Amino acid sequence: METATARPRLDAAGIALSALCIVHCLAIPLVATGALAWAASESIHIGLTVVLALIVVAVAVPSYRRHRRAIVPVLLGGGLALLIAALTVGEAAGETAETVLTVIGSVVLIAGHVVNLRSHPSH
């Protein structure tokens, strides 16, 4: 059951992890050599996407039921779809396409979480 404080915390976690996706995607090609090569692992991208998917599922539907702002699940679902697309077709389309899909997806997720936070009755 969602508590009054759980959703804002999940939104904050979603924002932080989405920002981490952006940093990871943009910075890793620059620093992923030698001792930091592990940071370029596709498993990190997969892990972040899975955690973000769980947060989206935990936030989108209960939030929509509370405030009825359809834009929240649309943004969260769209952002997540872009991250999944980056994982599934991004590599075949090239590193640039994967980066673009990840960055745009992460920005859309952040927007969804921000709109959701602002839709909270206390705001």
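Everything quoted here is computed from the prediction, not taken from an experiment. Position labels on residues start from 1 in each chain and follow its written sequence. Since the coordinates come from a predicted model, pLDDT governs what is reported: local features require at least 70, and pairs of side-chain atoms require 80 or more to be given and counted, while whole-chain, interface and lining totals use all residues. Excluded from the side-chain calculation are hydrogens and water; included are all heavy atoms of the structure.

**Q** How should I be thinking about helix α5 (residues 95-118) in this particular structure?
**A** Each α-helix turn comprises 3.6 residues. Residues three or four places apart therefore point the same way. Numbering of helices and strands runs from the N terminus, with a helix taken as a DSSP run of H or I at least four residues long and a strand as a DSSP run of E at least two residues long. What a helix should span is 1.5 Å times the count of its residues minus one. The end-to-end C-alpha separation of α5 is 35 Å, in line with the 34 Å expected for 24 residues at 1.5 Å each. Residue burial is assigned from relative accessible area. The probe radius is 1.4 Å, only protein chains are included, and a residue is buried under 20% of its type maximum, exposed over 50%, and partly exposed in between. Within α5, burial applies to E98, T99, T102, V103, G105, S106, L109, G112, H113 and N116.

**Q** Hey, could you run me through a nonpolar patch on the surface in this one?
**A** Residues form patches when they are more than 30% accessible in relative terms and have no salt bridge. Like charges link within 9 Å. Nonpolar side chains (Val, Leu, Ile, Met, Phe, Trp, Tyr) link within 5 Å. We get accessible surface area from the Shrake-Rupley algorithm with a probe of 1.4 Å; when it comes to residues, only the shown protein chains can shield them. Put simply, a salt bridge is a Lys or Arg side-chain nitrogen that is within 4 Å of an Asp or Glu carboxyl oxygen. There is a patch of nonpolar side chains on the surface, built from I46, V50 and L54 and spanning about 270 Å² of accessible area. With respect to the secondary-structure elements, L54 resides in helix α2 (residues 42-67). Exposure remark for L54: the relative accessible area of 57% places this residue in the exposed category.

**Q** Teacher, can you tell me more about the nonpolar core here?
**A** Where a protein is soluble and globular, its nonpolar side chains tend to be buried together. As used in this record, nonpolar core signifies buried Ala, Val, Leu, Ile, Met, Phe, Trp, Tyr and Cys residues forming a set joined through side-chain atoms within 4.5 Å. Among the nonpolar cores identified, the biggest contains 13 residues, and L17, L52, V56, L76 and L109 are the most heavily contacted of them. Sorting the residues of this core by element identifies α1 (6-31), α2 and α3 (71-88) as the ones contributing at least two each. For this core, the element with the highest residue contribution is α2, accounting for six residues. It only takes one pair of heavy atoms within 4.5 Å for two residues to be counted as in contact. In this structure, L109 is in contact with S18, L52, V56, L76, G79, L80 and L83, ignoring residues within four places of it in sequence.

**Q** Quick question: what am I supposed to make of the environment of I110 here?
**A** With respect to the secondary-structure elements, I110 resides in helix α5. Each C-alpha atom of the pair I110 and A19 lies 7.6 Å from the other, and the pair is 91 residues apart in sequence. Contacts of I110, omitting those with residues within four sequence positions, involve I15, S18, A19 and I22.

**Q** Explain the packing of α2 against α3 to me, please; I cannot follow it from the model alone.
**A** Between two packed helices, what matters for the description is the angle formed by their axes and the separation of those axes. Interaxial angles span 0 to 180 degrees and are taken between N-to-C directions of axes, which are lines fitted to C-alpha atoms, for helices over the stretch in contact. With their axes 9 Å apart at the nearest point, α2 and α3 run at an angle of 165° to one another. Our classification of the angle between α2 and α3 gives roughly antiparallel. Crossing angle aside, the handedness with which α2 passes α3 is left-handed. Residues E42, H45, I46, T49, L52, A53, V56, V59, A60, Y64 and H67 of α2 form the contact with α3, whose own contacting residues are V72, P73, L76, L80, L83, I84, A86 and L87. The residue inventory of the contact of α2 with α3, partitioned by class, reads 15 nonpolar, three polar and one charged. Our angle categories are set so that under 35 degrees counts as roughly parallel, over 145 as roughly antiparallel, 65 to 115 as roughly perpendicular, and the remainder as oblique. Less than a right angle of anticlockwise turn of the near helix away from the far helix marks a crossing as left-handed, whereas a clockwise turn marks it as right-handed. All amino acids are sorted into three groups, where Ala, Val, Leu, Ile, Met, Phe, Trp, Tyr, Cys and Pro are nonpolar, Asp, Glu, Lys and Arg are charged, and the leftover types, Gly among them, are polar.

**Q** Would you explain the side chain of D11 in this entry?
**A** On the secondary structure map, D11 appears in helix α1. Pairs of N or O atoms are called polar contacts if they sit within 3.5 Å, as long as, within protein, a hydrogen donor faces a hydrogen acceptor (for residues adjacent in sequence, only side-chain-to-side-chain pairs). Within the structure, the side chain of D11 is placed 2.6 Å from the side chain of H113, a separation counted as a polar contact.

**Q** I'm lost on α3 in this one. Help?
**A** When the terminal C-alpha atoms of α3 are compared, their 25 Å separation across 18 residues agrees well with the 26 Å that a helix rising 1.5 Å per residue should span. Listing the buried residues of α3 in full gives V72, L75, L76, G79, L80, L83 and A86. Along the axis of α3, the buried positions cluster into a sector of 120°, meaning they face one direction only. In this structure, α3 carries V74 and T88 as exposed residues pointing more than 90 degrees from its buried face. The inward-facing, buried residues of α3 abut α2, α4 (90-93) and α5. Directions from the helix axis toward the C-beta atoms define the arc.

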